[in-house]
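Coordinates in review
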Amino acid sequence: MEHRRPLVLECCVLFLLLNGLAFRASEGQLLPVVDDQGDITTSHRLRTYIVHVKRPEGARLLTRQELKRWHESFLPNTTLDSGKRRLIYSYREVISGFAARLTPEEATAMRSMEGFVYARLEATHRIATTHTPQFLGLSQTGRTWDSGNEGKGVVIGVLDSGIWSHPSFGDDGMPAPPEKFKGSCDPLSGVTCNNKIVGARGFLEGEGVIAIDHHGHGTHVAGIAAGNFVEGAEVLGMAAGTASGIAPKAHLSIYKVCFDDVDCPDSDILAAIDQAIDDKVDILSMSLGTAAATSYYFEDAVQLGSLTALRHGIVPVTTAGNGGPMFNTLHHDAPWVLTVGATSTDRRIRAKVKLGNGAEFVGESAYQPDSFDSSIMRTIVYPGEDHCSAESLKTIDVSDKIVLCSAGESEEVEKGKAVSDAGGAAMIIMNRKKDGYTTSAEAHVLPVSHLSYEDGSKVLAYFKSLKSSSTATIIFGGTVLEQRPSPAVASFSSRGPNNGNILKPDVLAPGVNILAAWPFMVGPNASATPSNPTFNMISGTSMAAPHVAGIMALIKSSHPNWSPSAIHSAIITSAKDTDSDGNYIIDEHTNEAANVFAVGAGQVNPSGALDPGLLYEIDPAIYPKYLCSLGYTTEMVELMWHKSGVQCETAEHINPWDLNYPSISVVLSPGEVIKVSRTVKHVDDSAETYRAKVTAPPGIAVELSKQELQFSGPDKEDTFGIDFSIESLDKTSKPYGRGKIEWDSGGHVVTTPIAVEIGF
């Protein structure tokens, strides 16, 4: 497994190719890209560039119009021949800079201008419950909701594909938004504000546009985070119950940044974060993945914007990504943004496959029509490895047969439509090896059972042994709860390790078959345009992140003065790395105990996060030194921090494990001792004594400087040291190990997860 180590800039002149331009680290210059033959790129095609400039003196006193004129002074002119404005966005808070339409030559010419820092081509991001509040313990007697905490007074900003009018966003029982909130529903948004939706804006190439959701993703995400209570929610009769978000009384401010189905450009994301800072939201929920891995935090609008948001007291949360089960696939890994992976829950929507030889395999599907006669054994057909495209189905007779289809490559519902259009009676979806045991209960248009890789392989082997004599049927079992093991890491959930040697993902949250608000009819009567409000079940780390945004709202409502890092700490140290049966959380890719870089701290635990006992806090002012330690130049740090002051060449560097982070990740070599220090703040009103329990990674010695932490009351702090060294290794030793330190007071258990990489 390849591990991306922290970047080290060792040579005096280093070229960093950054999306069509190169940054000369030693001189702070911007140069045109040179290809392998040394030819300069000559394209004159206009593109959108994100341009960083020095913040002018007295910038805080400038009006938006004055700041805009300052930014326009860097441009060749203000208007293109087409009549379009060159300047797309003039950013005030999120970065010191702007977005503009430029050719590569025009962008290169800027480097000689006083005040210019850096420019790059914008990247495009991709968009990555009746039951989950109960599954997370929120609705149980005596727990979070029962005590009256439903997120009141907190505003969650959601960057996504917009919002659609839905009962989940009704404002029955909702108070007015907090006075500090300055947002509103832009008249161009097409959204009408109430006490639930308190702000809505659309961002597209510098224009105010509609914030209405024509995709569904944004509506679904917003519903998970803070949807109000809706009775009678279901998907085609399955998973029925009362739907709500995690923080049903929190407010929502909507920022539409995703258009053309799934495209979410950097410039629009930065503009939305800029607006959210100005609106004074409390939390930013961003279910946005990256199209490609980035080497630097400033190349990712989500991570770059999150740092500024954090400095304004806003708590950012985002997705780990859907690049699993491979390692090194995290989309967002900065320590200032909480990164969330996805798990399955204990709910299954059963659809059992029964073969002609009597073998049975349990899969899932949300569409379970009474009209399907399960007593009839139908012939199985298999169009091959091309995933049941409409074209492949033309070559075989599927009429009234059950069609075997491999998962992936295209949407499973679309495959079902192709099978149905070709006359097929039903479909069996077989996971690929990488999909493992994670199955989807989707709203199909015909009878379907989605099987794990193991079970799908057995069905395929049965078909290959009998060919046209093979038969099967599908028997529907409806909604079943309390399935084991649960939770479990979804096979698609992205995993670390990461560039910055911070344990990521931070935590896990439900992200498989999540029911929430949806703009369209689904199933056989599905519509391509928004219709009567309905619900849908979809999967992804996009669904996991808003669960945590909702938990953040609950914490912020109870503890309004806690810092973003304190809220992150409460969520991480209260998470559970074991499932409902007390075993380590498994990985649905392998059905074995999950690696630490898949689990992070474990499954979120809302009640524990609201009463964590101890907190690890980080002063954001330390992050420039941390960036220096990763090999960032002074110029790079300045463009992220918006001001000068730190000289990376002379500043004290902060190793990743030296951050006062709630988890610890170190790289150890034989004979080496790494010394780590952590400071905790007591936030319980009573006096407490915490005693340490250490679970060391195999072969690693973990020694604490003290075994007890004593606190006489709230806001008291204590510091302890940890020494890491290799105790024993053999040929069977794994390159990565997991452990934890648990501080137990009898009333609180505060867990610090440990990840160790062995550097041989």
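Residues numbered from 1 in each chain as written. Predicted model: local features only at pLDDT ≥ 70, side-chain atom pairs only at ≥ 80, totals over all residues. Heavy atoms only, no water.

Before going further, it helps to examine unusual backbone geometry. Residue proline 487 follows serine 486 across a cis peptide bond; omega there is -5°. Mapped onto the secondary structure, proline 487 falls in the loop between strand S26 (471-480) and strand S27 (488-489). Its identity as a non-glycine residue notwithstanding, leucine 236 has a phi of 55°, on the positive side. Examined against the element boundaries, leucine 236 turns out to sit in the loop between strand S12 (230-235) and strand S13 (238-243). (Helix = DSSP H or I, 4+ residues; strand = E, 2+ residues; numbered from the N terminus.)

On inspection of all chains with the given rule, the structure shows 25 salt bridges. Lysine 352 is the salt-bridge partner of glutamate 360, the closest N and O atoms lying 3.3 Å from each other. Overall, the relative accessible area of 42% leaves glutamate 360 in the partly exposed class. Its salt-bridge partner being aspartate 581, residue arginine 484 comes within 3.0 Å of it at the nearest N-O pair. Of this pair, arginine 484 sits in the loop between S26 and S27 while aspartate 581 is found in the loop between helix H10 (564-574) and strand S31 (586-587), placing the two residues 97 residues apart along the sequence. For aspartate 581, a relative accessible area of 46% puts it in the partly exposed group. (Salt bridge = Lys/Arg side-chain N within 4 Å of Asp/Glu carboxyl O. Buried < 20%, exposed > 50% of the residue type's maximum accessible area, 1.4 Å probe, protein only.)

This brings us to the packing of aromatic side chains. One pass over the structure, following the stated rule, counts 18 aromatic pairs. With centroids separated by 6.0 Å and ring planes inclined at 70°, the aromatic side chains of tyrosine 382 and phenylalanine 463 adopt a geometry described as edge-to-face. Remark: phenylalanine 463 occurs in helix H8 (residues 453-466) and tyrosine 382 occurs in the loop between strand S22 (378-381) and strand S23 (402-406); sequence separation between them is 81 residues. You'll find tyrosine 382 and phenylalanine 463 in the same group, each marked buried. Counting every residue linked through ring pairs, the aromatic cluster contains Tyr118, Tyr296, Tyr297, Phe298, Trp336, Tyr623, Tyr626 and Tyr632. When the ring centre of tryptophan 641 is taken as reference, the NZ or CZ atom of arginine 311 above it lies at 3.9 Å. Arginine 738 extends its terminal NZ or CZ atom over the ring of tyrosine 584, reaching a point 4.3 Å from the ring centre. (Phe/Tyr/Trp six-rings, centres within 6.5 Å; stacked < 30°, edge-to-face > 60°. Lys NZ or Arg CZ within 6 Å of the ring centre and 35° of its normal.)

Another aspect to go through is helix H4 (residues 217-226). Residue pairs three or four apart in sequence face the same way in an α-helix, which turns once every 3.6 residues. Of all 10 residues in H4, 10 are buried; the element is thus mostly enclosed. The set of residues buried in H4 consists of His217, Gly218, Thr219, His220, Val221, Ala222, Gly223, Ile224, Ala225 and Ala226. Elements that come into contact with the buried residues of H4 comprise strand S9 (155-160), strand S14 (251-256), strand S16 (283-286), strand S29 (514-518), strand S30 (534-538) and helix H9 (541-558). (Contact = heavy atoms within 4.5 Å.)

Purely geometric stuff here, so don't read any function into it on its own.
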